[in-house]
Protein chains: 2
Amino acid sequence: MEDITKKNLAELYKNLKKMELYRHALGLLNFDFETCVPRDSKEDEANVISFFSNEYFKIATSKKMKATTVALYEHIDELDEIDKVLVKHLYREYLKTKNVSPKTQMRWSQLYNKSYIDWYNAKTNSDFSLFSESLSNMIEIAKEDVGLRENALPDLYDNLLDDCETGVLTADLDVFFAELKDGLIELIGKIKNSKHVIREDFISRKVPIYKQEQFSNYLLKLNGYDFNKGYLTTTEHPFTSEIAKNDARVTTHYHEDMVLLNIYSVIHEGGHAIFMQNQRDEDHEHFINDSITNGMHESVSRFYENIIGRSEEYIHLIYPKFHELFAEELGDVTERELYEAVNIVRPSLIRTEADEVTYGLHIVIRYEMEKMICSGKVKIDDVPKMWNKLYTDYLGVTPESDKDGVLQDVHWSSGFGYFPSYALGNAYNAMYLKEISKDMDFKGAISSGDFASITAWMKEHVFAHANVLTPKEWLSELTGKTLSAKDFLEYLNKKYSAIYELD
Amino acid sequence: MEDITKKNLAELYKNLKKMELYRHALGLLNFDFETCVPRDSKEDEANVISFFSNEYFKIATSKKMKATTVALYEHIDELDEIDKVLVKHLYREYLKTKNVSPKTQMRWSQLYNKSYIDWYNAKTNSDFSLFSESLSNMIEIAKEDVGLRENALPDLYDNLLDDCETGVLTADLDVFFAELKDGLIELIGKIKNSKHVIREDFISRKVPIYKQEQFSNYLLKLNGYDFNKGYLTTTEHPFTSEIAKNDARVTTHYHEDMVLLNIYSVIHEGGHAIFMQNQRDEDHEHFINDSITNGMHESVSRFYENIIGRSEEYIHLIYPKFHELFAEELGDVTERELYEAVNIVRPSLIRTEADEVTYGLHIVIRYEMEKMICSGKVKIDDVPKMWNKLYTDYLGVTPESDKDGVLQDVHWSSGFGYFPSYALGNAYNAMYLKEISKDMDFKGAISSGDFASITAWMKEHVFAHANVLTPKEWLSELTGKTLSAKDFLEYLNKKYSAIYELD
C-alpha cells in the first residue's frame, strides 16, 4: 500500500468514527421518536432529528470525505478485501450525493417530516386528501434526487428499488412478481375450496398485556436474542433499530384482543435483531456493518417469523409455555388448534395482519402501484381508487376506508421502493431453507429449541456474507441459484396442502 | 435599546437555539443511558454523550458566545427584565468557564464516566476501595475547576454548594443544619419512647409489578402530571428528566416486595415533573427555564411526596383505588393502617427509603462529610470509617457493608454539593405550606382530589418566580422570611405527635 493511500485510509477512518457517533445519537433520536417521546414534544424532536441529520450529512459530504473517498477509489487495488467493499459503498454514495447541498438535504428532511405528520393525520381521519400533497412531494424529491445523481439509472423507479435492494430492478421484479402472483392466486383458490375448518373462536379473546409482555420476553430469549445487547419496548408500528454495535432494539404493539399478532410481530422483529446481533466484528471495525439490503434483512426476519415461527415444530416447542401462561384465557386451545390458527389463510385488508400465503399479494399490489405512481400512469388523486380496485381484483376484498386501504402503512410517507423487499425476503429464505435442511436436522433443532445451532448456521452461511455481497451475489453464494419465486411457492403448497387437506 | 445591543441579542438567541437542540439530544442520551441502553452498549453510549457534551461546550464557550455575552452584560440596563436574568446567568457561567478549554472539559467528562463505572462496580462488589481513586479525582476536578474560575469563592466547598444552590453557603448551612439536627434528634428520641404500635406486617408483601405500574399511572394522573408532555418508565435509580419544553420524563424502580417505596418515588419524581411542566412560556422563550436550583426543585418534589403524599387527606383520597387494585395482596389493610405505615419513623441505613423524620439526619451526615472531604479533614481512605461512625452516632445504626453505607448513592461519583438541596427542599416547602394554607382550603383540596387548584396556586406563587430569583430572594418573596428549619420542625412535631401520641 502506498503511503498516500495509508494516509487517506487513516483520514477516512477518523471521519467514519465521528460519523458513527452521530449515527448512534440519530439512531437513538429516531428510536425515541417512535417509542417514548410524548405527543406534544414530537414536533420539537423532529426538528432535533432534522438538525443532526443535516450535521451528519455535512460531515458525510464534506470536501475532505469526498476527496478521500475518490482518492481511495482510484487506488482501490491496494486495499484489503473488506476495505474494498467499504470504499465501493462510499464511492457509490459519493456519486449519489456529490451534487446535493446540505441546504437541499435539509429541505427534503423537512418535507419528510411534514409528510409523516400529514400521513398520520390522514390515517387518523381516514382521509387520503390530507396526504396527497405530501405524496406528490415524495415523487418530486425522488425526481430531484435522482436528477442530481452521477450514477442514476434511466428509470426513476429503478433508482428507488436500487436504493433498497441493490441491483434488483424492475426487469427482475416483473418476472418475479408475475410468477408469485399466479402461484399465490392458484393456491388461494384451492384453499378457498377446502372443506377443512380451522377453529378460530379463541383468536380474539382478551389476554392481559402484562402476560403478553412475559411471553414476548420468553420468545425473544428462546430464539437467541441477547438482552445484554438489546431492549424490548412498545410502539405504534413495530420496528427494529440498530443503534450501536451492541444495541439492537425490538419494538412491538400489544392489543389485548390480538395475542397472536404480537407473538408474530415479536418473532419477526426479533429476527431482524438476531441478524444485527450476529454481524462479524470485522464488519463493524471496517464500517460496513449496515450494508445489508432490506430484502436480505426481511429474509431473516421472515425466516424467523414464518419458516420457524409458524412451523409445527415451533408450535410444539412453545405450546407448553403458551398453555401455562395463558391458561385462564386460552387453556382450552390444543397444540394442533394453535398451529392451525397461526396458519389460517384468508384474504384481508391489512398487510401486517395477513397470513403467509395472501401476504405476497399485498406486495404485488404495492409493487404494481409504485411502478404506476413513479411512471405517472396513475395520478396521485386516483391512488385510493386504484388501490381499492387492485384489492378487489386480487384479494377479493375492498377497503371501506382509506385508513384500512392506501393509508394503512407509513412507508410511502418517506417514498417508494421498500415494499418489494418483503416479498424478496420470502423468496430468499425459501431458497436457503433448502440449504439449512441439507446441512443439519433443522426441524429437530426447532422442536428441541436448539437455536444455538440454527444461529451458528445462519451466522456462517447467511449473516457473514450479507455485508460484502450484493443480494444477487449473496443468493448465488447461498443457494447456487438465481432469484425465483419457485421455492417459496413450493414451500407454501406443501405446507398448506397438509393443513387444508388439499389434493 | 441600541442597535448594537439588538444585534447582539439576535446573535445570542441564534446560538441559544442551536444549544437547545444539543441539550435536547443530550437530555435524551442521558435519559436513555439510565433507562433503556443495554448493558453491553453502555460504554459506547457514554462515549457518545462525552462527544456531544464536548461539542455543546464548544458552542457555549465559543468566541462568539463569549463576546456576545460580555457585550450584552455591559449593556444590561438596556434589556427587558427577563433578558437581564438571562444575561446575568450567562455572564456568571462565562466567568466560571472562560478559562476551561474544550480539551479540559473532555478530560473531566471522561473522568466522570470512569467515576460512574467505578462507583457502580464498587457498589456491586460492596468495596469502597474500587471507588476511592475516582472519588479523589472528583476532588481534583473540583479544585482545578474552581481554580480556573474568575468568580471563585475563597472556600472550595462553598463553590460547589453555590453551583447547586446559588448563594446558600456554609455560613447559612452550618446554622441551618445545627438547628435541624438538634430538632430531629429530640423528636426521634420522643418517638422512640412512644408506646404506639404501627401495624407493619403487610409492608413487604409481594405485589405484582404490573399492578404497581397501574397504580403509578393513576397517581401521576391524579396529581396533575400531563402524559401528553411526559413519559413514565423504569430505571435503577429513579430520576426525572426535562428533555424539552413538552417532555418531562419520570422514572421509577419496581420491587415486588416494596410497594410503598414505588408509590412515594413516583409521587416525588412526579413533583419534579409537574414543576417542569408548569414553567411559564416566556421562561422557555427566553431560555431561562432551567435556572431553578436543586433546592427549589426538591422543595416541590418533596412537597408532593411528603406534605401532600404522606398526609391523612391524600391517603383518604387514594385509599379506594389502593384497596381495589391491591385487593388480593393488601385487602386487609385499613385506611388508617396505610396512613400510619407510610409514616413509620425508624432510623435506617438507606436514605431513599428513610421516613420523613430521620431523612434529615442522612443529609446532615452528608453535609458534614462533604465539608470534611473538601477541606481535607478526612482522608479519602477513611471516608467509609467516618461514614459508619456518623451513622452510629446520629442514627444509631451501623452499615455492615459499604453498599448499604457510603456507596449507596450515585451522587458522589460526579462530585459534591447536591445533598444539602434535599434538606433545603424540606425547609422551603414547610415554609410555604403556611402560605398555601392561608390562601386556600389546602387540606380540603387534597382530600377531594382538586389538584387543579393546588397546581394553580403553585404555578402563581412558587413556579413562576423560581427561574428569575435566587433561592434566598425566592424564599423571601414566597414567605417574607429567611431560611430556617423552624417551620419544618414545627410541621414534623405536630404531625408525628399525633401519630405517635406524644405528650
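Residues numbered from 1 in each chain as written. Chains lettered and ligands numbered in written order. Predicted model: local features only at pLDDT ≥ 70, side-chain atom pairs only at ≥ 80, totals over all residues. Heavy atoms only, no water.

A.B. asks: Give a detailed account of the sheet that holds strand 2 (residues 240–244) of chain A, specifying residues and quantitative values.
C.D. replies: All names here are of chain A. Taken in spatial order, the 3 strands of this open sheet run 1-3-2, and their pairing is mixed. Bordering the open sheet on either side are strand 1 (230–234) and strand 2, each of which pairs with just one other strand. On average, each strand axis in the sheet is inclined to that of its neighbour by 25°, with strand direction left out of account. Sitting on the sheet, helix 1 (residues 3–34) touches strand 1, strand 2 and strand 3 (247–252), and the angle it makes with strand 2 is about 150°. (Pairing = 2+ DSSP bridges. Helix = DSSP H or I, 4+ residues; strand = E, 2+ residues; numbered from the N terminus. Axes fitted to C-alpha atoms, helices over the stretch in contact; angles between N-to-C directions. Contact = heavy atoms within 4.5 Å.)

A.B. asks: Give a detailed account of the relation of the copies chain A and chain B, specifying residues and quantitative values.
C.D. replies: For the pair chain A and chain B, the best superposition has an RMSD of 0.0 Å and corresponds to a rotation of 180° with a translation of 0.0 Å parallel to the axis. Read as a symmetry element, the transformation amounts to a two-fold axis. Minimal C-alpha separation from the rotation axis in chain A is found for Tyr210 of chain A, amounting to 3.2 Å. Most of the interface of chain A is mirrored in chain B, where 100% of its interface residues again form contacts. (Least-squares fit on C-alpha atoms with pLDDT ≥ 70 in both.)

A.B. asks: Talk me through the packing of aromatic side chains; I want residue IDs and the actual numbers.
C.D. replies: Residue and element names in this part refer to chain A. Taken as a whole and assessed by the stated rule, the structure comprises 73 aromatic pairs over all chains. Note on Tyr13 and Phe287: the rings are 5.5 Å apart at their centroids and 65° apart in plane angle, and the pair reads as edge-to-face. Pair noted here: Tyr13 is in helix 1 and Phe287 is in the loop between helix 11 (281–285) and helix 12 (294–308), with a separation of 274 residues, a long-range link. Just as Tyr13 is buried, Phe287 falls in that class too. (Phe/Tyr/Trp six-rings, centres within 6.5 Å; stacked < 30°, edge-to-face > 60°. Buried < 20%, exposed > 50% of the residue type's maximum accessible area, 1.4 Å probe, protein only.)

A.B. asks: I'd love a proper account of the pairing of strand 1 (residues 230–234) of chain B, names of residues and values included.
C.D. replies: Residues and elements named next belong to chain B. Judged by how many residues are buried, strand 1 sits mostly within the fold: 4 of 5 residues are covered. In the sheet, strand 1 pairs with strand 3 (residues 247–252) via 5 bridges, with the strands oriented parallel. When the sheet's bridge partners are listed, Thr233 is paired in strand 3 with Thr251.

A.B. asks: I'd like a description of the nonpolar core, backed by residues and values.
C.D. replies: Residues Phe52 and Ile454 of chain A together with Ile454 of chain B are the most contacted members of the largest nonpolar core, which totals 335 residues. Setting aside residues no more than four positions away along its own chain, Ile454 of chain B makes contact with Tyr304, Ile308, Ile436, Met440, Phe442, Ala445 and Ile446 of chain B. (Core = buried A, V, L, I, M, F, W, Y, C linked by side-chain atoms within 4.5 Å.)

A.B. asks: Break down the interface of chain A and chain B for me, citing the residues and quoting the values.
C.D. replies: Each partner contributes residues to the interface: chain A has 33 residues there, and chain B has 33 residues. Of the roughly 2900 Å² buried between chain A and chain B, counting both surfaces, carbon and sulfur atoms make up 62%. Here chain A and chain B share 4 salt bridges between them. Among the ionic pairs, Arg249 of chain B bridges to Asp32 of chain A, the shortest N-O distance being 2.8 Å. Linking chain A with chain B are 11 residue pairs in polar contact (both at pLDDT 80 or more). (Buried area = accessible area lost by both parts, 1.4 Å probe. Salt bridge = Lys/Arg side-chain N within 4 Å of Asp/Glu carboxyl O. Polar contact = N/O pair within 3.5 Å; in protein donor to acceptor, adjacent residues only side chain to side chain.)

A.B. asks: Give a detailed account of helix 10 (residues 259–277) of chain A, specifying residues and quantitative values.
C.D. replies: For helix 10 of chain A, with 19 residues, the first-to-last C-alpha span of 26 Å sits near the 27 Å given by 1.5 Å per residue. Among the 19 residues of helix 10 of chain A, 18 are classified as buried, and the element is accordingly described as predominantly covered. (Expected span 1.5 Å × (residues − 1).)

A.B. asks: Lay out the pairing of strand 2 (residues 240–244) of chain B in plain terms, naming residues and giving numbers.
C.D. replies: Remark: a regular strand shows side chains that alternate across the two faces of the sheet. The buried count for strand 2 of chain B comes to 4 of 5 residues, which makes it a mostly enclosed element. Between the end of strand 2 of chain B and the start of strand 3 of chain B, which pair antiparallel, lie 2 residues.

A.B. asks: Quick rundown of the packing of helix 7 (residues 156–164) of chain A against helix 16 (residues 359–375) of chain A? Include the residues and the values.
C.D. replies: All names here are of chain A. For the pair helix 7 and helix 16, the least separation of the axes is 8 Å and the interaxial angle reads 135°. Between helix 7 and helix 16, the crossing angle belongs to the class labelled oblique. For the pair helix 7 and helix 16, the contacting residues are Leu156, Tyr157, Leu160 and Leu161 in the first and Tyr367, Glu370, Lys371 and Cys374 in the second. Partitioning the contact of helix 7 with helix 16 into residue classes produces 6 nonpolar, no polar and 2 charged. (Parallel < 35°, antiparallel > 145°, perpendicular 65-115°, else oblique. Nonpolar A, V, L, I, M, F, W, Y, C, P; charged D, E, K, R; others polar.)

A.B. asks: How would you summarise the sheet that holds strand 1 of chain B if you had to cite specific residues and measurements?
C.D. replies: Residues and elements named next belong to chain B. One open sheet holds the 3 strands; their spatial order is 1-3-2, and the pairing between them is mixed. At either end of the open sheet lies a strand with only one pairing partner, and these are strand 1 and strand 2. In this sheet, neighbouring strand axes are inclined to one another by 25° on average, regardless of whether the strands run parallel or antiparallel. The strands touched by helix 1 (residues 3–34) are strand 1, strand 2 and strand 3; relative to strand 2, the strand with the most contacts, the crossing angle is about 150°. Each of strand 1, strand 2 and strand 3 touches helix 10 (residues 259–277); the most contacted strand, strand 3, lies at about 170° to it.

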